[in-house]
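# Coordinate analysis (summary)
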Amino acid sequence: MNNMDELAINTIRFLSVEAVQAANSGHPGLPLGAAPAAYTLWSEFLNMNPADPKWPDRDRFILSAGHGSALLYSMLHLFNYGLTIDDLKNFRQFNSLTPGHPEYGHTTGVEVTTGPLGQGIADGVGMALAERYLAAKFNKPDIKLVDHYTYVLHGDGCLMEGISAEAASLAGTLGLGKLILLYDSNEITIEGSTQIAFREHVGDRFRAYGWHVQLVKDGNDTAAIAEAIRAAKSVADKPSIIEIKTVIGYGAPHKQGTAAAHGEPLGDDEIKAAKNALGWPYEEKFHVPGEVREHIDQMLRKKAEAQAEWQKALARYERDYPDDFNQWKIWNNEGLTTDLLAGEDFWTYEGSPATRVSSEQVLNKVCKLVPNLIGGAADLAPSTKTVMKGRGDFSAETPEGSNLHFGIREHAMSAMANGIALHGGLIPYVAGFFVFSDYMKPAMRLSAMMKQRVIYIMTHDSVGVGEDGPTHQPIEQLASLRSIPGFTVTRPCDSRETAAAWYLALTRKGPTALALSRQNLAALPGTGKAALKGAYILKDTSDGEPDVILLASGSEVDLIYKAVDVLKDKGIYARAVSVMSMEVFEEQDDSYKESVLPRRVRARLAVEAASSFGWHKYIGLDGGIISIDTFGMSGPANLLFKQYGFTVEHVVEKAMELIIN
Ligand SMILES: Cc1ncc(C[n+]2csc(CCOP(=O)(O)OP(=O)(O)O)c2C)c(N)n1
Ligand SMILES: [Mg+2]
């Protein structure tokens, strides 16, 4: 290592440990051990331009070990991403640009929100997939618009998490050669040595996945790290992992190599001792030697030139391939460039299929108008009805195909969708049985936190699944997803509502789930555009205030629709309100909400074949609910619905009870 590199690496180390010290919380160990790897990657390899942090062809860097955020912030400071020394001094403080874990959309240069270990690796697989696909779509023999690498820095924890196994297995299968993991292999986690709980041979494991595997024995050997990254880049048909042996807390004499370096500040004395040990002569805190700044600035000028070259290539592309350039603009537009709602076709469907089948019809209309849709299922495409016809399958051999096959890997699938969305240029959808949204939840939560437009097609949405029984029958999943801030849940009742749900999913910021039925559902008069408001009056029997309001979603809307007529025959004016999406309804103005659910009408009955949790805000203290608050049962769907009280007769009976009371 030359002196300049050593100086720069120590700058990163001490900026990081001093930030942790100032905050009196955080993780000094990873930055001390992994600084040489991070610096080597960023200085010699990472293609980027802080003046244009969203440059589409930049290399992506993910710190999957999000607890090492101080390292990332120090890098972002030194590489001119706008973080100041004051920002570093405010590490972990309220409202600072340097929160405890890296947050996408909050700090410029942070590509992904990380912290839940393992997610970053799957995000990286998604990004590398997006790169491969877009390269196949847009690159020409003479112009490569899409040609970048995805680097993920992670520790032992990310590899222990199951999601990394799912993601790595698929990345190997797909041969994503431009994905490179840098494994900060320090054999330490919070409880101590990895001997306690992680003895597997990581290299053998990744070789078995079909990866290119390298070992760098000394994490301070920047030449060896650079050599390994070069070798990894040269392998085009396999993703790479570089296991870099590091010492957690490197340089801190009393804490290095132990779990004590992981999660608590070093303390002033230990920082002093580390400065001595590493030959850092500056007592001043947060010191950046002028020559380090100059060195990095010079580097950045070179990197900016690479981007300028790309801009020139883009201009040539516009001139020589005008049609493709036009597509490039459409794909990279964050909104939709077509008005899906223009004309009646979007709302026109025949028959009374299951909403999963309606969704298939909508998807196959939409994908002709929204060319950058990409997606697939966790081995359930035939059941979830999520194939885009004529758009081909994505594979190692056919990277131009738009239909993804995730295998049975729900957790990685959802995190990969985040990576695809974050990459830019694409709108991802993923699909599975609704009950297994529990296997996707940690990534769904991050979709919402990062406000990413990920579309979750969740079919088999109730006990209507039937014979597969309680393990396959969602109960609490609707309530669970509805409780995620910024996550939109839709449960359409027929084809037109399914179209509305798709429209919302495509146009809203943030993730949307479509909960879709396995069983056929009748098309109901009056559904359609009104559903874009989330909840709306589907059927009313009087011009004035109703005696009772019936609320339902999805498959149960049919019951309240019919109950309105039966009640009318009994002299009761009922209103049927389809609640396709609570979140969208909540966004409407007060007068609209009042017009649908007048405060004065206290007799309200909600009907949903799922947990009652969450409905009480609509039915109030005087309302009632027909719900399922136990696990389901195996049996024919029709019988189960009857068993749990989902019949027109029961709805009528309950509604009358409410009025009498
Ligand atoms: C899913 C998840 N579980 C638990 C944690 C809490 N946690 C943060 S860091 C850590 C240990 C990580 O060990 P490693 O990845 O080896 O990092 P190192 O200690 O070497 O920096 C744990 C358990 C987490 N952030 N995410
Ligand atoms: Mg570790």
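Residues numbered from 1 in each chain as written. Chains lettered and ligands numbered in written order. Predicted model: local features only at pLDDT ≥ 70, side-chain atom pairs only at ≥ 80, totals over all residues. Heavy atoms only, no water.

### Section: the overall build of the protein
Using the following cut-off: Put simply, DSSP marks the helices as runs of H or I at least four residues long and the strands as runs of E at least two long, and each gets a number from the N terminus on. Taken over C-alpha atoms, the radius of gyration is set against a globule rule of 2.2 Å times the number of residues to the power 0.38. The cut-offs for exposure are 20% and 50% of the maximum accessible area for each residue type, with area from a 1.4 Å probe on protein chains only; residues under the lower value are buried, those over the upper are exposed, and the others partly exposed. Contacts are assigned to residue pairs with any non-hydrogen atoms lying within 4.5 Å of each other. Residue burial considers only the protein chains on display, and all accessible areas are found by Shrake-Rupley using a 1.4 Å probe.
Secondary structure assignment for the protein yields 24 helices and 18 strands. Relative to the 2.2 N^0.38 estimate, which gives 26 Å for 661 residues, the radius of gyration of the protein is 28 Å and therefore close to what a compact globule would have. Structurally, the protein occupies a C-alpha span of about 90 × 60 × 45 Å along its principal axes. In the protein, which comprises 661 residues, the proportion classed as buried is 62%. Sequence-distant contacts in the protein: of pairs separated by 6 or more residues, those separated by 24 or more amount to 76%. Surface accessibility of the protein: about 25,300 Å² in total, with carbon and sulfur atoms responsible for 50%.

### As for the sheet that holds strand β14 (residues 535–540)
This is how the line gets drawn: Pairing between two strands requires that DSSP report at least two bridges joining them. For every element, the axis is a line fit to its C-alpha atoms; helices are fit only across the contacting stretch, and the angle between N-to-C directions ranges from 0 to 180 degrees.
Ordered in space as β14-β16-β15-β17-β18, the 5 strands form an open sheet in which the pairing is mixed. Two strands in the sheet have a free side with no partner beyond their single neighbour: β14 and β18 (624–626). With strand direction ignored, the average angle separating the axes of adjacent strands in the sheet is 25 degrees. Here strand β15 (residues 548–552) runs beside strand β17 (residues 604–607); their pairing, made up of 4 bridges, is parallel.

### Some remarks on the packing of helix α15 (residues 410–423) against helix α16 (residues 441–449)
Our working definition: For this classification, under 35 degrees means roughly parallel, over 145 means roughly antiparallel, 65 to 115 means roughly perpendicular, and everything else is oblique. Crossing handedness: left-handed means the near helix sits turned counterclockwise from the far one by under a right angle, and right-handed means the same turn made clockwise.
As a packed pair, α15 and α16 sit with axes 8 Å apart at the nearest point and diverge in direction by 15 degrees. Comparing their axes, α16 and α15 come out roughly parallel. Of the two possible hands of crossing, α15 and α16 adopt the one that is left-handed. On the side of α15, the interface is formed by His411, Ser414, Ala415 and Asn418, while α16 contributes Pro442, Ala443, Leu446 and Ser447.

### Considering the side chain of Ser578
When you line up the elements, Ser578 lands in strand β16 (residues 574–579). Once residues within four sequence positions are removed from consideration, Ser578 is found in contact with Glu497, Gly534, Ala535, Tyr536, Leu538, Ala552 and Val557.

### Concerning the coordination of the magnesium ion (ligand 2)
The condition that has to hold: Donors, by definition, are the N, O and S atoms found within 2.8 Å of a metal, the threshold being 3.2 Å for Na, K and Ca, and water is not counted, so a site can look incomplete.
Distances from the magnesium ion (ligand 2) to its protein donors, Asp156 (OD), Asn186 (OD1) and Ile188 (O), fall at 2.1 Å. Every donor residue of the magnesium ion (ligand 2) comes from the same chain, spaced as D-x29-N-x1-I. Of the two residues, Asp156 sits in helix α6 (residues 156–160) while Ile188 sits in strand β4 (residues 188–189), which places them 32 residues apart along the sequence. Each member of the pair, Asp156 together with Ile188, is buried.

### Here we look at the site of ligand 1
Rules: We call a residue near a molecule or strand whenever a single non-hydrogen atom of that residue lies within 4 Å of it. In protein, a polar contact requires one atom able to donate a hydrogen and another able to accept it; more generally it is a pair of N or O atoms within 3.5 Å, and residues adjacent in sequence count only if both atoms are side-chain atoms. When residues are sorted by character, Ala, Val, Leu, Ile, Met, Phe, Trp, Tyr, Cys and Pro go into the nonpolar class, Asp, Glu, Lys and Arg into the charged class, and all the rest, Gly among them, into the polar class.
Inspection of the region around ligand 1 gives 15 residues, with His67, Gly115, Gly157, Asn186 and His262 positioned closest. In the environment of ligand 1, an oxygen atom lies 2.7 Å from a nitrogen or oxygen atom belonging to the side chain of Asn186. Ile188 is positioned such that a nitrogen or oxygen atom in its backbone is 2.9 Å from an oxygen atom of ligand 1. Relative to its free-state accessible area of 590 Å², ligand 1 is covered by the protein chains to the extent of 74%. When contributions to the shell around ligand 1 are tallied by element, the ones reaching two or more residues are α6 and β4. Looking at side-chain class alone, the shell around ligand 1 contains 6 nonpolar, 7 polar and 2 charged residues.

### Some details on the packing of aromatic side chains
Rule in force here: In this scheme Phe, Tyr and Trp rings, the latter by its six-membered ring, pair at centre separations within 6.5 Å, and the angle between planes marks the pair as stacked below 30 degrees, edge-to-face above 60, and tilted otherwise.
Here the structure, examined in full by the defined rule, presents 26 aromatic pairs. Ring geometry for Trp280 against Tyr282: centres 4.9 Å apart, planes inclined by 70 degrees, an arrangement best described as edge-to-face. Since its relative accessible area comes to 5%, Trp280 is described here as buried. For the pair Phe433 and Phe436, a centre-to-centre distance of 6.3 Å together with 35 degrees between the ring planes defines the contact as tilted. Take Phe433: its relative accessible area is 12%, and that puts it in the buried class. An aromatic cluster of three or more residues is present, and its members are Trp55, Tyr133, Phe138, Trp310, Trp328, Trp331 and Phe394.

### As for unusual backbone geometry
In the Ramachandran plot, Glu187 falls in the positive-phi region, its phi being about 60 degrees despite a non-glycine side chain. In this structure, Glu187 sits in the loop between β3 (179–185) and β4. Since its relative accessible area comes to 40%, Glu187 is described here as partly exposed. Positive phi, close to 60 degrees, is recorded for Lys385, a residue that is not glycine. Tracing the backbone shows Lys385 in the loop between α14 (381–384) and β9 (403–405).

### What to know about the layout of surface pockets
Put simply, the rule reads: Cavity means a closed set of points on a 1 Å grid over the protein atoms alone, one where a 1.4 Å probe fits but cannot get out, pocket means an open set with protein on both sides within 12 Å along at least 5 of 7 lines, and lining means a residue has an atom within 4 Å of a point. Grid points are joined across faces, edges and corners, and a volume is the space filled by probe spheres set on the points.
Approximately 700 Å³ is the volume attributed to the largest pocket. Residue lining of the largest pocket: 35 residues in total, with Glu334, Ala421, Gly424, Gly425 and Gln452 positioned closest to the centre. Counting residues per element, the ones that place at least two in the lining of the largest pocket are α5 (119–138), α12 (322–331), α15, β10 (427–433) and α18 (495–507). Element by element, the count of residues in the lining of the largest pocket is highest for α15, at 3 residues.

### Concerning the pattern of salt bridges
The criterion, for reference: Salt bridges are identified by distance alone: a Lys or Arg side-chain nitrogen within 4 Å of an Asp or Glu carboxyl oxygen.
On inspection of all chains with the given rule, the structure shows 30 salt bridges. Notably, a salt bridge pairs Glu360 with Lys389, separated by 3.8 Å at the nearest N-O pair. Of this pair, Glu360 sits in helix α13 (residues 355–369) while Lys389 sits in the loop between α14 and β9, and the two are 29 residues apart along the sequence. You can call Glu360 buried: its relative accessible area is 19%. Put simply, Glu545 and Arg600 hold a salt bridge, and the shortest N to O gap is 3.2 Å. One end of the pair, Glu545, is in the loop between β14 and β15; the other, Arg600, is in the loop between α21 (590–596) and β17, with 55 residues separating them in the sequence. Residue classification places Glu545 among the partly exposed residues on the basis of a relative accessible area of 39%. Overlapping salt bridges bring together Asp461, Arg482, Arg491, Glu556 and Glu608 as one network.

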